[in-house]
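# Coordinate analysis (summary)
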Amino acid sequence: DTLIVDIFVAVDKSGNVMRAEIENRLRFNVDSYFKASAIAAQRAIIDCSPLPIPADKYNQLKEFTFGFNPKFISR
């Protein structure tokens, strides 16, 4: 639970990720484990672009915070 990373995401109308910013910059700068998890979360969001944003929900989802929890990753 300590490595949960919040990523602010902004997308265009096609679902392309325009911004993916790590929200807790202070912890990012001082905690190497959190930093590694945050970079992986940020990269995963960018790699999944374009995101499947329904056209009728764009105004609600053009900016959102994604909570990345590595606890749910399976190998």
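Check the entry above for the structure.
Residues numbered from 1 in each chain as written. Predicted model: local features only at pLDDT ≥ 70, side-chain atom pairs only at ≥ 80, totals over all residues. Heavy atoms only, no water.

## Examining the packing of aromatic side chains
Under the counting rule described, the total for this entry stands at 0 aromatic pairs. For the cation-ring pair, Arg-25 lies above Phe-28, with the distance from its terminal atom to the ring centre recorded as 4.4 Å. (Phe/Tyr/Trp six-rings, centres within 6.5 Å; stacked < 30°, edge-to-face > 60°. Lys NZ or Arg CZ within 6 Å of the ring centre and 35° of its normal.)

## Here we look at the pattern of salt bridges
Per the stated rule, a full pass over the model turns up 2 salt bridges. For the salt bridge of Arg-27 with Asp-31, the shortest nitrogen-to-oxygen distance reads 3.2 Å. Note on Arg-27: relative accessible area 25%, which makes it partly exposed. (Salt bridge = Lys/Arg side-chain N within 4 Å of Asp/Glu carboxyl O. Buried < 20%, exposed > 50% of the residue type's maximum accessible area, 1.4 Å probe, protein only.)

## Some words on the side chain of Ser-37
Its place among the elements puts Ser-37 in helix 2 (residues 32-47). When its relative accessible area of 10% is taken as the criterion, Ser-37 is described as buried. With residues near it in sequence (within four places) discarded, Ser-37 still touches Leu-3, Val-5, Phe-68 and Pro-70. (Helix = DSSP H or I, 4+ residues; strand = E, 2+ residues; numbered from the N terminus. Contact = heavy atoms within 4.5 Å.)

## Some details on the nonpolar core
Counting 16 residues, the largest nonpolar core has Val-5, Ile-7, Val-9, Val-11 and Val-17 as the members making the most contacts within it. Put simply, the parts of the chain that give this core at least two residues each are strand 1 (5-11), strand 2 (17-22) and helix 2. Val-11 has contacts with Asn-16, Val-17, Met-18, Leu-51, Ile-53, Tyr-58, Leu-61 and Lys-62, leaving out every residue within four places of it along the chain. (Core = buried A, V, L, I, M, F, W, Y, C linked by side-chain atoms within 4.5 Å.)

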